[in-house]
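Descriptive structure summary
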Amino acid sequence: MMIIPDKIQITNIGGQTLPVIQGILEFPSSLNILLHSNESAQTAQKIADLMGDTCQLHLINDANDFGGIVSFIDQIVSEYQQSLFFVNVAGGTKIMTLALYTFFINSNLNSIIFHVDQNGMIHYLREMKTEPLKATLPIEKFIEFSGQKIKSLTRVTDIQEDFFETAKQIRKLHDTNNFDFTRDLAWSVVVPYIEGSDKNEIDIIVNLGNKLLFVECKTQVHDIKDID
């Protein structure tokens, strides 16, 4: 006898991994259905490898066949009529997105339809409301889930005490009392190329909770090309 999951997330897969993973972390579910095209098959498999055995991959043969995709979704979810669906429309082709949205907005299934944007905001489409993501990631996971790996970095725990005093002074100058400068910060972050050589070192990365702030430090700017 098959056990029917009480919560299921279903999402299209495109070129971006982070909005999909953020959606999965925001709404933990027993089953995560990843709909992908031939072009996004590797991305879907990568997400499944990162997120574990809760993921179930389904290939959409024609990512531009609106009616075919709607019918395919209907076929996949037909056995889960009593489940609550979290529907992430952040990925896939435009036709895949429209098909996924159209199916659930017109079905009688219990569903929450949402979109995760690149600023760490979640948009609830049926309720027409927006709020920050509650699920947060450490810097290393942000980079990993974006398709890169950190070769080396310096963590805030390695920084001397006088840094914190400077951070407090900066916070007062900019009146940013709502932000804790020291909660998740790294500098001298080196990310290798696929070929093995190092990319340009990222001077500072500040974790804002659901997105990253990249800071480039320059001692002096003589020409606009210096900040490229």
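Report on the accompanying structure. (Residues numbered from 1 in each chain as written. Predicted model: local features only at pLDDT ≥ 70, side-chain atom pairs only at ≥ 80, totals over all residues. Heavy atoms only, no water.)

Scanning the model with the defined rule gives 5 aromatic pairs in all. Their ring planes at 10° and their centres at 4.6 Å tell us that Phe27 and Phe86 sit as a pair that is stacked. Linking Phe27 in the loop between helix H1 (18-26) and strand S2 (31-36) with Phe86 in strand S4 (residues 84-88), this pair joins segments that are 59 residues apart in sequence. You can call Phe86 buried: its relative accessible area is 6%. Ring geometry for Phe27 and Phe114: centres 5.0 Å apart, planes at 55°, overall tilted. One end of the pair, Phe27, is in the loop between H1 and S2; the other, Phe114, is in strand S5 (residues 110-116), and 87 residues separate them in sequence. The class of Phe114 is buried, set by a relative accessible area of 0%. Here the aromatic residues Phe27, Phe86, Phe114 and Tyr124 are joined through ring pairs into a cluster of three or more. Against the face of Tyr124 rests Lys129, its NZ or CZ located 5.3 Å from the ring centre. (Phe/Tyr/Trp six-rings, centres within 6.5 Å; stacked < 30°, edge-to-face > 60°. Helix = DSSP H or I, 4+ residues; strand = E, 2+ residues; numbered from the N terminus. Buried < 20%, exposed > 50% of the residue type's maximum accessible area, 1.4 Å probe, protein only. Lys NZ or Arg CZ within 6 Å of the ring centre and 35° of its normal.)

This part is about the packing of H1 against helix H2 (residues 41-51). One can describe the packing of H1 onto H2 by two numbers: an axis separation of 11 Å at closest approach and a directional angle of 35°. Where H1 crosses over H2, the handedness of that crossing is right-handed. Contacts between H1 and H2 pair Val20, Ile21, Ile24 and Leu25 from the former with Ile47, Leu50 and Met51 from the latter. Broken down by class, the residue content of the contact of H1 with H2 amounts to 7 nonpolar, no polar and no charged. (Axes fitted to C-alpha atoms, helices over the stretch in contact; angles between N-to-C directions. Left-handed = near helix turned anticlockwise from the far one by under 90°. Contact = heavy atoms within 4.5 Å. Nonpolar A, V, L, I, M, F, W, Y, C, P; charged D, E, K, R; others polar.)

Next up on the list: the environment of Ile112. In this structure, Ile112 sits in strand S5. C-alpha separation for the pair Ile112 and Glu127, spaced 15 residues apart in sequence, amounts to 8.9 Å. Dropping the residues within four chain positions of it, Ile112 is found in contact with Leu84, Phe85, Phe86, Val87, Tyr124 and Arg126.

Right, let's talk about the pattern of salt bridges for a bit. In this structure the tally under the stated criterion is 1 salt bridge. Across the pair Glu131 and Lys134 runs a salt bridge, and its minimum N-O distance is 2.8 Å. (Salt bridge = Lys/Arg side-chain N within 4 Å of Asp/Glu carboxyl O.)

Residue position: Thr43 is located in helix H2. With relative accessibility at 17%, the residue Thr43 sits in the buried group. Aside from chain neighbours lying at most four places away, what touches Thr43 is Ile13, Gly14, Gly15 and Thr17.

Here we come to H2. Turning to H2, its buried residues number three or more, namely Thr43, Ala44, Ile47, Ala48 and Met51. Burial along H2 is one-sided: seen end-on, the buried residues are contained in an arc of 140°. Exposed residues lying more than 90 degrees from the buried face of H2 are Gln42 and Asp49. Where the residues of H2 are buried, they touch H1, S2 and strand S3 (55-59). Once H2 ends, the next one or two residues include Gly52, with phi positive near 95°. (Arc of directions from axis to C-beta.)

It is worth stressing that arrangement in space is one thing and function is another; only the former is reported here.
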